[in-house]
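# Chain and residue survey
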Amino acid sequence: SMVVPKHILVGQIEDIIEQRGGRFLESYKLFDIYEGAQILAGFKSVAYSITFRAKDRTLEDKEVNTVMEKILHGLKELNIELRA
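Parameters and conventions
- Residues numbered from 1 in each chain as written.
- Predicted model: local features only at pLDDT ≥ 70, side-chain atom pairs only at ≥ 80, totals over all residues.
- Heavy atoms only, no water.
- Axes fitted to C-alpha atoms, helices over the stretch in contact; angles between N-to-C directions.
- Helix = DSSP H or I, 4+ residues; strand = E, 2+ residues; numbered from the N terminus.
- Left-handed = near helix turned anticlockwise from the far one by under 90°.
- Contact = heavy atoms within 4.5 Å.
- Pairing = 2+ DSSP bridges.
- Core = buried A, V, L, I, M, F, W, Y, C linked by side-chain atoms within 4.5 Å.
- Buried < 20%, exposed > 50% of the residue type's maximum accessible area, 1.4 Å probe, protein only.
- Expected span 1.5 Å × (residues − 1).
- Arc of directions from axis to C-beta.

Relative to each other, helix α1 (residues 10-20) and helix α2 (residues 61-76) sit at 145°, their axes nearing to 9 Å. In this structure, α1 meets α2 at a crossing whose hand is right-handed. Judged by residue contacts, I13, I16, I17 and R20 of α1 engage V67, K70, I71, H73, G74 and L75 from α2.

Here strand β1 (residues 2-5) runs beside strand β3 (residues 43-52); their pairing, made up of 4 bridges, is antiparallel. Of the residues in β3, the one forming a bridge with V3 is S45. Bridging between β1 and strand β4 (residues 81-82) involves 2 bridges; their strand directions are antiparallel. The partner of V3 across the bridge, within β4, is E81.

Right, let's talk about the nonpolar core for a bit. In terms of nonpolar packing, the biggest core is built from 17 residues, with M2, V4, I13, F52, L75 and I80 touching the most fellow members. Of all the secondary structure elements, the ones that give two or more residues to this core are β1, α1, β3 and α2. Residues within four places of L75 in sequence aside, it is in contact with M2, I13, I16 and I80.

This part covers α2. With 16 residues, α2 should cover 22 Å at 1.5 Å per step; its first-to-last C-alpha distance of 22 Å lies within 8% of that length. Among all positions of α2, only V67, I71, G74 and L75 are buried. Around the axis of α2, the buried residues are gathered within 105° of arc, so they sit on the same side. Exposed and facing more than 90 degrees away from the buried side of α2 are D61, K62, E69 and K76. Those residues of α2 that are buried are in contact with β1, α1 and β3.

Here it is as structure tokens:
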């Protein structure tokens, strides 16, 4: 789940996930968008489920964390942060 400026479209988020997800990105799915009292004015909460998989072996935490860092860095460029 992340806090996203309202003007950012989910398509922009998905472009970053696809561009930076690398060869291990199997799928992603938007499952929630929330705007309300718990979120700062001008922002919305957007939540995705992201699946990583290697066809020939089990991925190690380090590999998944590296890919997630790349995705999060791209999102940060759009002023998007993980929701605490």
